[in-house]
Amino acid sequence: VQLQASGGGLVQAGDSLRLSCAASGRPFSSYAMGWFRQAPGKEREIVAAISTSGGTTYYGDSVKGRFTISRDNAKNTVYLQMNSLKPEDTAVYYCAGRFSISPSVVVTRLADFTFWGQGTLVTVSS
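Now for a description of the structure that goes with this document.

## A look at the overall build of the protein chain
Point 1. The secondary structure content of the protein chain amounts to zero helices and 11 strands.
Point 2. For the protein chain, the succession of helices and strands along the chain, N to C, is β-β-β-β-β-β-β-β-β-β-β.
Point 3. Taking 14 Å as the expected radius of gyration for a compact globule of 126 residues, we find that the protein chain reaches 13 Å, a close match to that expectation.
Point 4. Every one of the 126 residues in the protein chain was classed for burial, and the buried ones make up 43%.
Point 5. Looking at the protein chain alone, contacts between residues at least 24 apart form 60% of all its contacts between residues at least 6 apart.
Point 6. For the protein chain, the centre of its 12 positive side-chain charges and the centre of its 8 negative side-chain charges are spaced 6 Å apart.

Set out below in structure tokens:
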């Protein structure tokens, strides 16, 4: 599967932004999806993850209550709605996917994802 992330940009603290990740190549509904981010000089970290059905989600501690992951299997797209953005959210955001036979299991470990998008830069100014 090929993943194309988009929606990044420069915003001010407190603003909102929605990232999209469009998938092509294989049945999107069979892939557990995740969003990761990597800030300069830091390791890539999990932001959010969602099961194939969309019924189970996971959030990193730093984004709980502010970010929402969702997916539209009919549109082969996963989204990351980011609200109340902070300067520390500044990073390159990557979407990732992994084939899964379970409708309810989320994948959260970076090493378990097999497909990656190219990344989209989010910059939050104070």
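## As for the state of the cysteines
Point 1. Tallied over the entire structure, the rule returns one disulfide.
Point 2. Note on cysteine connectivity: Cys 21 is disulfide-linked to Cys 95, with sulfurs 2.1 Å apart. Here the S-S torsion is close to 60°, and the disulfide linking Cys 21 with Cys 95 is therefore right-handed. One end of the pair, Cys 21, is in strand β3 (residues 17-24); the other, Cys 95, is in strand β9 (residues 91-99), and 74 residues separate them in sequence. Across this residue pair, the class does not change: Cys 21 and Cys 95 are buried.

## Quick notes on the packing of aromatic side chains
Point 1. In this structure the tally under the stated criterion is five aromatic pairs.
Point 2. Geometrically, the ring pair formed by Tyr 31 and Phe 115 is edge-to-face, given 5.7 Å between the ring centres and 75° between the ring planes. Taken together, the residues Tyr 31 in strand β4 (residues 31-38) and Phe 115 in strand β10 (residues 115-116) connect sequence positions 84 residues apart.
Point 3. The exposure class assigned to Tyr 31 is buried, which follows from its relative accessible area of 3%.

## So, the pattern of salt bridges
Point 1. This structure, assessed with the given rule, holds five salt bridges.
Point 2. The partner of Asp 89 in a salt bridge is Arg 37, with the nearest N and O atoms 2.9 Å apart. Of this pair, Asp 89 sits in the loop between β8 (77-82) and β9 while Arg 37 sits in strand β4, and the two are 52 residues apart along the sequence. There is no split in this pair, since Asp 89 and Arg 37 are both buried.
Point 3. For the salt bridge of Lys 64 with Asp 61, the shortest nitrogen-to-oxygen distance reads 3.1 Å.
Point 4. On the accessibility criterion, Asp 61 (68% relative accessible area) is exposed.

## Describing the environment of Tyr 93
Point 1. Relative to the elements of secondary structure, Tyr 93 occurs in strand β9.
Point 2. The contact partners of Tyr 93, leaving out residues within four places of it in the chain, are Leu 19, Trp 35, Phe 36, Arg 37, Val 47, Phe 67, Leu 80, Met 82, Gly 119, Thr 120 and Val 122.
Point 3. A polar contact of 3.0 Å, which involves the side chain of Tyr 93, links it to the side chain of Arg 37.

## Topic: the nonpolar core
Point 1. In this structure, Trp 35, Leu 80, Met 82 and Tyr 93 are the most contacted members of the largest nonpolar core, which totals 29 residues.
Point 2. Elements with a minimum of two residues in this core: β1 (2-6), β3, β4, β5 (45-50), β7 (67-72), β8, β9 and β11 (120-125).
Point 3. Grouped together as the second largest cluster of nonpolar side chains are seven residues, Ala 32, Phe 36, Ile 46 and Ala 96 included.

Parameters and conventions
- Residues numbered from 1 in each chain as written.
- Predicted model: local features only at pLDDT ≥ 70, side-chain atom pairs only at ≥ 80, totals over all residues.
- Heavy atoms only, no water.
- Helix = DSSP H or I, 4+ residues; strand = E, 2+ residues; numbered from the N terminus.
- Rg over C-alpha atoms; globule rule 2.2 N^0.38 Å.
- Buried < 20%, exposed > 50% of the residue type's maximum accessible area, 1.4 Å probe, protein only.
- Contact = heavy atoms within 4.5 Å.
- Lys, Arg positive; Asp, Glu negative; His and termini not counted.
- Charge placed at Lys NZ, Arg CZ, Asp CG, Glu CD.
- Disulfide = S-S within 2.5 Å.
- Phe/Tyr/Trp six-rings, centres within 6.5 Å; stacked < 30°, edge-to-face > 60°.
- Salt bridge = Lys/Arg side-chain N within 4 Å of Asp/Glu carboxyl O.
- Polar contact = N/O pair within 3.5 Å; in protein donor to acceptor, adjacent residues only side chain to side chain.
- Core = buried A, V, L, I, M, F, W, Y, C linked by side-chain atoms within 4.5 Å.

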